[in-house]
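Summary of the model geometry
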Amino acid sequence: MKVKGVVTGLGAAGGANDGLLKRIGVRNSDGASMKLVRDVDVTSDKIISSAADLAINGAPPMFAEPIHVGRPNIGDHKRFLQRASNILDSGWLSNNGPIAQEFEQRIASFLGVKHCVAMCNGTIALEIATRALELKGEVIVPSYTFIATAHALQWQEITPIFADIDPATHNLDPAAVWRMITPRTTGIIGVHLWGRASPVKELEAIAREHNLRLMFDASHGFGCSLNGELLGGFGECEVFSFHATKFFNTFEGGAVVTNNDTLAEKMRLMRNFGFSGYDNVIYPGTNGKMTEIAAAMGLTNLEDLADFVAMNRRNYQCYRDAIASIPGLSMLEYDESERNNYQYVVVEVAPYFPVSRDRIVDVLHAENVLARKYFWPGCHNMEPYRSYYPHAGLVLPNTKRVAERVVVLPTGSALHVDAIRGIMSVLGVVASGTV
Ligand code: T4K
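Attention in this report is confined to the structure presented alongside it.

Let us now look at the site of the ligand. Near the ligand there are 26 residues, and of these T123, D217, S241, K246 and Y374 occur at the shortest range. Measuring from an oxygen atom of the ligand, one finds a side-chain N or O atom of H243 at 3.2 Å. Take R372: an N or O atom from its side chain is 2.9 Å from an oxygen atom of the ligand. A total of 910 Å² of accessible area belongs to the ligand in isolation, and the protein chains cover 76% of it. If you map the ligand onto the pockets, it falls in the largest pocket. Broken down by secondary-structure element, the contributors of at least two residues to the shell around the ligand are α4 (122–132) and α5 (147–154). Among the elements that take part in the shell around the ligand, α4 stands out by supplying 3 residues, more than any other.

Within the open sheet, the 3 strands sit side by side as β13-β14-β16. Their pairing is antiparallel. Of all the strands in the sheet, just β13 (329–331) and β16 (406–409) have a single pairing partner and so form its edges. Taken pair by pair, the neighbouring strands of this sheet meet at an average axis angle of 30°, ignoring direction. Across the sheet, helix α13 (residues 397–405) is in contact with β14 (345–349) and β16; its angle to β16 comes to roughly 45°.

So, on to the side chain of T411. With respect to the helices and strands, T411 occurs in the loop between β16 and α14 (417–430). Here N315 takes part through its side chain, which lies 3.0 Å from a polar atom of the side chain of T411.

The subject of this paragraph is the layout of surface pockets. Counted as a void, the largest pocket has a volume near 470 Å³. Forming the walls of the largest pocket are 29 residues, and the residues nearest its centre are F146, S241, H243, T245 and K246. Broken down by secondary-structure element, the contributors of at least two residues to the lining of the largest pocket are α4, α5 and β16. Per-element tally for the lining of the largest pocket: the top contributor is α4, with 3 residues. Put simply, the second largest pocket is a space of about 370 Å³. In terms of lining, the second largest pocket is formed by 13 residues, of which the most central are N95, N96, N272, F275 and G277. When grouped by side-chain class, the residues that make up the lining of the second largest pocket number 4 nonpolar, 5 polar and 4 charged.

Moving on, we come to a nonpolar patch on the surface. Together, F273, F275 and V281 give the surface a local cluster of nonpolar side chains, amounting to about 250 Å² of exposed area. Along the chain, F273 turns up in the loop between α8 (261–270) and α9 (292–303).

Time to look at the sheet that holds strand β7 (residues 185–191). Sheet architecture is open: 7 strands sit in the order β4-β12-β11-β8-β7-β5-β6, paired in mixed fashion. Unpaired on one side and paired on the other, β4 (115–119) and β6 (159–163) mark the two borders of the sheet. Looking at each pair of strands side by side, their axes are set apart by 25° on average, direction ignored. Where strand β5 (residues 138–142) and β7 come together, 3 bridges link them in parallel fashion. Bridge pairing in β7 places I140 opposite I188. Where α5 meets the sheet, its contacts fall on β5, β6, β7 and β8 (213–217), and the angle it forms with β6 comes to roughly 145°. Where helix α7 (residues 200–210) meets the sheet, it contacts β7 and β8, and its direction lies at approximately 150° from that of β8.

Cut-offs applied
Position labels on residues start from 1 in each chain and follow its written sequence. The predicted nature of this model means local features are confined to residues of pLDDT at least 70 and side-chain atom pairs, given and counted, to a pLDDT of 80 or more, with totals for whole chains, interfaces and linings taken over all residues. No hydrogens and no water enter the side-chain calculation; it runs on all heavy atoms of the structure. We call a residue near a molecule or strand when any one of its heavy atoms sits within 4 Å of it. Any pair of N or O atoms that falls within 3.5 Å is considered a polar contact. Within protein, one atom must be able to donate a hydrogen and the other to accept it, and sequence-neighbouring residues count only if both atoms are side-chain atoms. Each accessible area value is a Shrake-Rupley result obtained with a 1.4 Å probe; residue values ignore everything except the protein chains displayed when judging cover. Here a cavity denotes grid points, spaced 1 Å and computed from the protein atoms alone, that fit a 1.4 Å probe unable to get out, and a pocket denotes an open set having protein on both sides within 12 Å along at least 5 of 7 lines; residues with an atom within 4 Å of a point are the lining. Pocket occupancy is defined atom-wise: a molecule lies in a cavity or pocket when more than half of its atoms are within 2 Å of its grid points. Secondary structure is summarised from DSSP: a helix means a run of H or I of at least four residues, a strand means a run of E of at least two, and numbering begins at the N terminus for each. DSSP bridges decide pairing: two strands pair if at least two such bridges lie between them. Fitting a line to C-alpha atoms yields each axis, with helices limited to the stretch in contact; the angle taken between N-to-C directions then spans 0 to 180 degrees. Any pair of residues with heavy atoms lying within 4.5 Å of one another is described as a contacting pair. Grid points are joined across faces, edges and corners, and a volume is the space filled by probe spheres set on the points. As a working rule, the residues Ala, Val, Leu, Ile, Met, Phe, Trp, Tyr, Cys and Pro are called nonpolar, Asp, Glu, Lys and Arg charged, and the rest polar, with Gly in that last group. Residues with no salt bridge and a relative accessible area higher than 30% make up the patches, which join like charges within 9 Å and nonpolar side chains (Val, Leu, Ile, Met, Phe, Trp, Tyr) within 5 Å. For this analysis, a salt bridge means a side-chain nitrogen from Lys or Arg found within 4 Å of a carboxyl oxygen belonging to Asp or Glu.

Quick look at the structure:
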């Protein structure tokens, strides 16, 4: 199999993502969708038909270069470089400059929310949001998430309390959240894991009943919807990560979006040391500002979002069709009646599959396919939480089960379907159980 060449832009994404391009107002002058052309950095002539052909058994790897989960989606280089050049000419690099302000306006209008407060990354955005909401004591979060969700609380000496997930959705189980509430609980952070919405309605009901503040970590959810409404407007605020590995990136970056004017104003102060005017600090703050160059990357990528969705969706379908024929492997599906960014290809390995999840990952790594075990072993099994709560696992059985079964496979605009077919041929041989 030869896997080298270019991926050209695809047509509209189809399904609920149709019209996304129109929505963000980007079309070529002739009305055609943007064309993205990419060098695909993976090459392979290898054909795998039996276990003897696997690199883990001594054969050469399928790919000369590593294929990563999290290769960035990068929009039109020329438009980005033009923006970068304008920034250099302007001599204005940071401190809520004109590009950052334009970025905030474009994001808020894209998401249909009143305010976007752009930040330097998603973790600082989480810290500022939780502080602005005056969370203290205990806050309920899933353990099955990236460690930043918990650390953002711990960093402020707020205790993250881990609630179990629904194994079908990988999101918080409302009944488990309810069980973890104590007199010290002040809030809940739902995570829209893999870009699939948390049980928003149920969490809202719990928050109302117990007088708790509710916000969402929407780091995975940019461009994804719940009942047709883009994530961003739920709870008191929602936090996005725009890290390089995210569906939509600004190199590093993040934002808190909200419809609450007072909260937005408070977060704007907090992200800029609490400055109100030149010499007047009216609040304790930090430095959470987004740079102009990051905002320029964001504006450029926003214009090419529909192409990213289209490529991710094509990859997702390619994986899904192949995985459907392998008993014991299943893919976490995206609801096609919603908008999705298809950024995570999440495969679950059934207990009866002949090869363990960890062995599958070893086999793939040997072929230079750097699949990930997100979010194993769960935050509660990492420090400092492992030492603080050595018995937390007792109330997190679904977290344990899911974290031990999931493999996340590479996707993104830099990955060609031929490479996916190569990866699937490896998994086909693995399924024979002889590795
Ligand atoms: N909440 C949630 C639910 C999150 O998932 C995250 C971040 C946050 C909060 C915090 O947001 P930030 O503060 O990060 O904005 C990665 C990302 O670093 C992290 O942002 C992300 N979640 C998490 C799910 O994945 P790692 O440590 O697993 O992988 P990393 O950063 O080493 O990158 C993965 C692979 O991507 C690399 O092996 C190579 C490739 N890569 C990476 C970069 C940075 C590239 O090809 N190009 C690049 O520029 O955390």
